[in-house]
Structures are given as C-alpha cells and as structure tokens.
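Given next are the chains, with one letter for each unit.
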Amino acid sequence: MCGIVGYTGGREACPVLLDGLKRLEYRGYDSAGIAVFNDGRVAVHKAAGKLSVLASALDGVQLGGSIGIGHTRWATHGRPSDENAHPHVDCSGEIVVVHNGIIENYLSLKEDLVARGHRFTSETDTEVVAHLVEEAYDGDLAEAVRQAILRLDGSFALAVMCRHEPNLLVAARRHSPLVVGVGSNENFIASDVPAFLAYTKRVHFIEDDTVAVINRTSVEFRGLDGRPIVNNVHEVEWDAAMAERGGYEHFMLKEIHEQPVALRETMRGRLSSEHADVALEGLGLSDEDIRSIDKIVIVACGTAYHAAMAGKYMIERLVRLPVELDVASELRYRDPIIDDRTLALVISQSGETADTLAGLREARRRGARVLAVCNVVGSSVARESGGVLYTYAGPEIAVASTKAYTTQLMVLALIALHFGRVRGALTPDRDADLRRMLWTIPEQADLFLADYGDLIDCAERYHNIGGFLYMGRGPNLASALEGALKIKEIAYIHAEGYAAGEMKHGPIAMIDPTMATVAVSTKGRTYEKVLSNILEVKARMGEVIAVAGRHDEEIAKYADHIIRVPETDELLSPILNALPLQLLAYHVAKFRGHEIDQPRNLAKSVTVE
Ligand code: M6R
C-alpha cells in the first residue's frame, strides 16, 4: 500500500502535492518523492524516511511548475531508500512514474528490458513501468501507458508524466485504488479522496483497467481497448478526517474492512486458481533445505504469537514437523534446544518488536535458519532473517492489530501447504482442496463484512458485562486467545482466552450471570467437545455467544447468540473467525465510549524489552 497524487492547474504544484501526500501518509511512510514539470524539464526529488524529510529538503526550494506527481511509499519490492523511493524514470529521464500496487511479473519483464539495453537504477517492481512506457512511446503518452499496462500482471494505480507532453497527466488502475478530483481549471489524481478534499469534493471513482487522460481543463477515460469510457462525477460529503479513514469512524474499523483486499494482496503471485503449487519468492530455503529441517520454532509476541499458535496446528497437521511456540520474551531465557536443523519462524507486523528481534538473534546464534513473516519491508526483522515472506497488509495504524493477524495466518497456511508438498506429507487431494478453500477466503471475508448487524446488537447487549471468557479448541484456541486480547486492549474488560477443554480445570468457577462466554464453535475434529463445553457453561447460568458456521443448525440448541461466519476447513477457519472477534471488541469498545485507535497504556510497536 502506497499513496499516489497528481496535480495539474493554476497553483504551484509542489505544495499541493506535499499537502496531498501528507493526507495519504497513513498509506505508507518509509520514503516519499515528487516530480514537477517546469521550464521544459522534469525535476524529481525524493528521500527515504517520512514525508517530513522530503518536505524539509524542499523547504525554500523554488520548484515552480503547476503540474506534477507524488508518492508516499510503503515498501514491497526493494528496501526503503532514496533509490527505491518513487517517482521512477525511464532511461532518458523523460518519463516519470509513481505506482501503488505490486507488479507480479516484474522480474521477467525486467530481464527482457535489460536484455534490450534498458538501465535500471532501483530494486523496485515499479521501474519496469517507466521503461515499458518508454518503449511504447511514440508521441502519445496515454497510448503508451495503455500498451504498457497490457503487459502487467498484478495490481497497480499509476500516475505518469512525460517531458514531451508537459500539460498531461496519465493515470491507470487495476486492483489498486485511484480517484480523480475535478476542480475549476485544475484536476487531481490520488489514491484516496482526502488528498484533494481541501480543493474539491467532485470525484471520479475509477474502475479497473481504465486509463485516465487528464489536463487542467478536462478528464477523459479509456478502456484497455483504447475506447472511451463514460465515468460520472460524484460529490463526496466527508470531512477531511473522516475521508482519511475512508469514511470509517476509526482506523481499526477501516483496517478490519480492508482484510479482504489485504488477504488478496498477500495471496497474489503466491497462490492462483490455475497453479498447482504455492510460489514463495523470498523464502530463502531450497526444497532440500525444507527436507532437512527437523523442527520449527516460532517466535512472536501478542497477536503475532496467536497467529503462530494457529500456524503450529497448520504445520503439524500438514507438514508433520514438530513445532514449538515461544512468546519471544521467554525464548532467550529458557535455554531452548535449537540447532542448524531448526527453522526459526519469526512473526512480526512491525519487524521492530524488541523481544521478537532478541528471539531472532538468539535462534541465529544457536545455528537456526531464520524465516520471517513480516509486514514492514526493510524492518530489522526482515533485514536480519535469511528469508522473508511479507504480509501485504499495508500500514496498520490502529494499535489493535487486525489485518496483520489475518494476513499472517494466510502466509502461515501458504508455508504449511508448500512445506507439506515438498516433504510429501500432503496427499494431492488434500493439497488441492486446501488451496481451493484458501483461494476463496478473501471472498468469504467480503461476504461476512457485508452484513453483520446482529453482531452489533450483541455488542450493545454485553458492553457492560463484568468479564468475558473466550474458549476454543484446536487451531481456534488461537482465535479464543486473540478474541480475548482484542477485548482487553480496546474495551478494557477483563477477558480470558482458554482451551475449551481446560475450562473444567479452573476457569469454569468464574461462570455466573456477570460473565459472558464466547465459544468459537467451528466444525472440525473437536466440534462435539466444544458443544459439551458450552453445556457446562450453560449449566452454571453463563451466557454463551457462539461463533459458528453459516449452515450449522445444531449450534442453535446450545448458544444464546450466534455470530455466523462462512464455512471453510477448520485449519483455515481462524482467518474468518478473526473478523467477528475483532468486530465484537470494536463495537463493545465503541459502546463504552473508548478511544479505539490509541488505547491507553499501549504503543503500536514495542521497541523496548
Ligand atoms: O509488530 P509486532 O507484530 O511484532 O507486534 C507484536 C505485538 O506487540 C502486537 O501484536 C500487539 O499484541 C498488538 N497490539 C495486538 O493487537
């Protein structure tokens, strides 16, 4: 996830672009850049670090010019650096491009382009676009962009300028957001409306595979076949703060709703409906390495630790390798048995959590190979690991982790499938079934998020309850722990996550009418057992909210409230079960009137031990 902007009109471009980028910083903040056209040349300025670094560098510089493009980056291909910051240029420096998304086939395109003599100056996937436009350019930028995007696989929102057409901006999109703002004698491009809301509320929302041709007085749209497309202007009503959160009241809610897209992005290029295997670029382990591992140790904290717990069930069942779990703060103090046949799997959204980093270093010191599952490109965890599989969740702003968790689960499922296949532990039928089910998870997440009114009623009913017990079994023990953590973090209600079978060994003593139990009741190996555990709670006057499958009729005989989620394999179900648990915590916290995005006593990234 990155933010792109473009401007053409009567104002000086630089301040408009910087202002727009400031409002898109929530989409990425590891480097930024702008390109402004003035006096027959395109001036490009970019810098690693937050936007403020670029803004300071430009302070007092008179760029002039009233047309330009800009970018704030959240690295996916290539670490955050000056060279990898956008805009990117072609060999001549005359074509300038900013991009949000992932070009999946960039490696093969780059090889071809290099073979034809193109010179690359960055590690990004984006730079291929500048060179493809350069090759296709014959005096018509819009046509060159159209031809270039015909060759791209993956997702993109692009803004492109060319020195030979100084009054023109060309934009295009596929699977990445892009809007065009219409002003009076000025027009704007952006990833999101807040970038230009201070100037206009008139917006074109652009469909996939559209090319937009923009100058200061007109905007035209064309399809991939080059034919004109009609796109009506809409008037938006949001204020600036609301718009930054995409119309959502809080970043947490926005991020919950971003999960279908984040899951798709995380799957992209790794799993496809046609391909028979999982492709894990960046894994850093050959098939031989995978076969030589005799144990996996997973190191993580908080929500990432809960993802690790579900991952343990996936890997043990599908790969038949023993998996040990450690909260990172414990690993280095317990003298773990780790050697060169151990794979340390390090999971972290930020990649900067001090305990997790210390655990990673300890595992390496003992000879383990290290594979990271991380959301921030170029972070310490990513840099210090032998291989990295990124979760393409985009920046997570709310302190309570949501989309990072479900994308971590997605990557863990991909690892389990790949390792299971390489080690011959998965039958082809089971492999194909799971891949098919994993493929439909983003769609199922969309389906759930489209309608969950009952859940809000449930949150209202319980928002003043004395406490919550979350119980689950198998991979959904992780769901129970994560559900309880979410409610503690933002609703400040005491909550325990427990293995349902353990209830009778102690926690059941807490059950009374002031305690609500959330039972994750997914059909699977231990479904009947969970039903018995629910009966034990009911027998003690406890109220039960069940998270259960859409078609589960049995559960209605047991629970007081049922939150229904689309069905999938039990091993993958923690991904979908996370959605109602996140939303329950969110709405309970909201009914209690809490500050949701920045809960008390917490920080987004814990960089101290
Ligand atoms: O950035 P990390 O994934 O390493 O962070 C680990 C935990 O600090 C984090 O998951 C924390 O538990 C979240 N606030 C939970 O919502």
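Residues numbered from 1 in each chain as written. Predicted model: local features only at pLDDT ≥ 70, side-chain atom pairs only at ≥ 80, totals over all residues. Heavy atoms only, no water.

This part is about the site of the ligand. Close contacts around the ligand come from 14 residues, with Ser 348, Gln 349, Ser 350, Thr 353 and Glu 489 the closest. Residue Ser 350 places a side-chain N or O atom 2.6 Å away from an oxygen atom belonging to the ligand. Side-chain polar atom of Glu 489 to an oxygen atom of the ligand: 2.7 Å apart, as the coordinates give it. Those elements that provide at least two residues to the shell around the ligand are α10 (302-319) and α17 (476-491). Structurally, the shell around the ligand is a two-domain feature, drawing no fewer than three residues from each of domain 2 (251-449) and domain 3 (453-591). (Near = heavy atom within 4 Å. Polar contact = N/O pair within 3.5 Å; in protein donor to acceptor, adjacent residues only side chain to side chain. Helix = DSSP H or I, 4+ residues; strand = E, 2+ residues; numbered from the N terminus. Domains from an automatic or database assignment.)

All right, on to the environment of Arg 365 then. Structurally, Arg 365 is set in helix α12 (residues 354-365). The exposure class assigned to Arg 365 is exposed, which follows from its relative accessible area of 60%. In this structure, the C-alpha to C-alpha distance between Arg 365 and Glu 135, residues 230 residues apart in sequence, is 49 Å. (Buried < 20%, exposed > 50% of the residue type's maximum accessible area, 1.4 Å probe, protein only.)

Looking only at helix α16 (residues 453-462), the buried set comprises Leu 455, Cys 458, Ala 459 and Tyr 462. When α16 is viewed along its axis, its buried side chains cluster within an angular range of 100 degrees and face the same direction. On its buried side, α16 packs onto α15 (428-449), β21 (467-472), β23 (515-520), β24 (543-549), β25 (561-565) and α19 (573-591). (Arc of directions from axis to C-beta. Contact = heavy atoms within 4.5 Å.)

What follows concerns the domain arrangement of the chain. Per the domain assignment, the segments making up the chain are domain 1 (3-241), domain 2 (251-449) and domain 3 (453-591). Look at where the C-alpha atoms of domain 2 and domain 3 centre, and you get two points 25 Å apart. Note on domain 2 versus domain 3: buried area summed over both sides is about 2,900 Å², and carbon and sulfur give 74% of it. The interface formed by domain 2 and domain 3 holds two salt bridges in total. Of the charged contacts in the structure, one is a salt bridge between Arg 317 and Glu 570, with a shortest N-O distance of 3.3 Å. Summed over the shared surface of domain 2 and domain 3, the result is nine residue pairs in polar contact (both at pLDDT 80 or more). Contributing elements (two or more residues each) for the side of domain 2 that touches domain 3: α7 (251-257), α8 (259-267), α10, α14 (403-422) and α15. With 10 residues, α15 is the largest single contributor of residues to the side of domain 2 that touches domain 3. Among the residues forming the side of domain 2 that touches domain 3, the class breakdown is 23 nonpolar, eight polar and two charged. (Buried area = accessible area lost by both parts, 1.4 Å probe. Salt bridge = Lys/Arg side-chain N within 4 Å of Asp/Glu carboxyl O. Nonpolar A, V, L, I, M, F, W, Y, C, P; charged D, E, K, R; others polar.)

The next subject is the side chain of Thr 8. As for its placement among the helices and strands, Thr 8 is situated in strand β1 (residues 3-8). Residues in contact with Thr 8, not counting those within four places in the same chain, are Ser 66, Ile 67, Asn 167, Leu 169, Glu 186, Asn 187, Ile 214, Asn 215 and Arg 216.

Another aspect to go through is the sheet that holds strand β15 (residues 234-235). Taking strand neighbours across the sheet as the criterion, the eight strands line up as β3-β2-β4-β1-β10-β9-β11-β15 in an open arrangement whose pairing is antiparallel. Among the strands making up the open sheet, the edge pair consists of β3 (41-48) and β15. As paired strands, strand β11 (residues 202-205) and β15 are joined by two bridges and run antiparallel to one another. Paired with Val 203 across the strands is His 234, a residue of β15. (Pairing = 2+ DSSP bridges.)

Turning to the packing of aromatic side chains, a few remarks are in order. What the rule picks out here adds up to seven aromatic pairs. Geometrically, the ring pair formed by Tyr 29 and Trp 74 is edge-to-face, given 5.4 Å between the ring centres and 75 degrees between the ring planes. Of this pair, Tyr 29 sits in the loop between α1 (13-23) and β2 (31-38) while Trp 74 sits in the loop between β4 (67-73) and β5 (88-89), placing them 45 residues apart in sequence. The class of Tyr 29 is partly exposed, set by a relative accessible area of 29%. Seen from their ring centres, Phe 188 and Tyr 199 are 5.3 Å apart, and the 20 degrees between their planes marks the pair as stacked. (Phe/Tyr/Trp six-rings, centres within 6.5 Å; stacked < 30°, edge-to-face > 60°.)

Bringing the nonpolar core into the picture now. Among the nonpolar cores identified, the biggest contains 122 residues, and Ile 34, Ile 296, Ile 415, Phe 419, Leu 438, Phe 468 and Tyr 470 are the most heavily contacted of them. Among the elements that take part in this core, α14 stands out by supplying 12 residues, more than any other. Apart from residues no more than four positions distant in its own chain, Ile 296 is found in contact with Ile 315, Leu 321, Pro 322, Val 323, Glu 324, Leu 343, Leu 345 and Phe 419. (Core = buried A, V, L, I, M, F, W, Y, C linked by side-chain atoms within 4.5 Å.)

Let us now look at the sheet that holds strand β19 (residues 369-374). Spatial strand order, β17-β16-β18-β19-β20: five strands in an open sheet with parallel pairing. Of all the strands in the sheet, the pair left with one neighbour each is β17 (323-327) and β20 (387-390). Taken pair by pair, the neighbouring strands of this sheet meet at an average axis angle of 20 degrees, ignoring direction. Pairing of strand β16 (residues 295-300) with β17 involves five bridges; the strand directions are parallel. Within β17, the position partnered with Val 299 by the bridge is Asp 326. Docked against the sheet, α14 engages β16, β18 (342-348), β19 and β20, running at close to 160 degrees with respect to β18. (Axes fitted to C-alpha atoms, helices over the stretch in contact; angles between N-to-C directions.)

To continue, consider the environment of His 250. Here His 250 is to be found in the loop between α6 (240-244) and α7. His 250 gets classed as buried once you look at its relative accessible area, which sits at 13%. For His 250 and Gly 524, which are 274 residues apart along the polypeptide, the C-alpha to C-alpha distance reads 35 Å. Apart from residues lying up to four places away in sequence, His 250 is in contact with Arg 245, Tyr 586, Ile 596 and Asp 597.

Quick look at the environment of Val 42 now. Along the polypeptide, Val 42 turns up in strand β3. When its relative accessible area of 12% is taken as the criterion, Val 42 is described as buried. Distance from Val 42 to Gly 68, taken between C-alpha atoms, is 8.7 Å for residues 26 residues apart in sequence. For Val 42, the contacting residues outside a window of four places in its chain are Ala 35, Val 36, Phe 37, Val 96, Met 161 and Arg 163.

Another point: helix α2 (residues 51-58). Listing the buried residues of α2 in full gives Leu 51, Leu 54 and Leu 58. Seen from one end, α2 has its buried residues packed into an arc of 65 degrees, which puts them on one side. For α2, the exposed residues lying more than 90 degrees away from the buried face are Ser 56 and Ala 57. If you follow the buried residues of α2, they end up packed against α1, β2 and β3.

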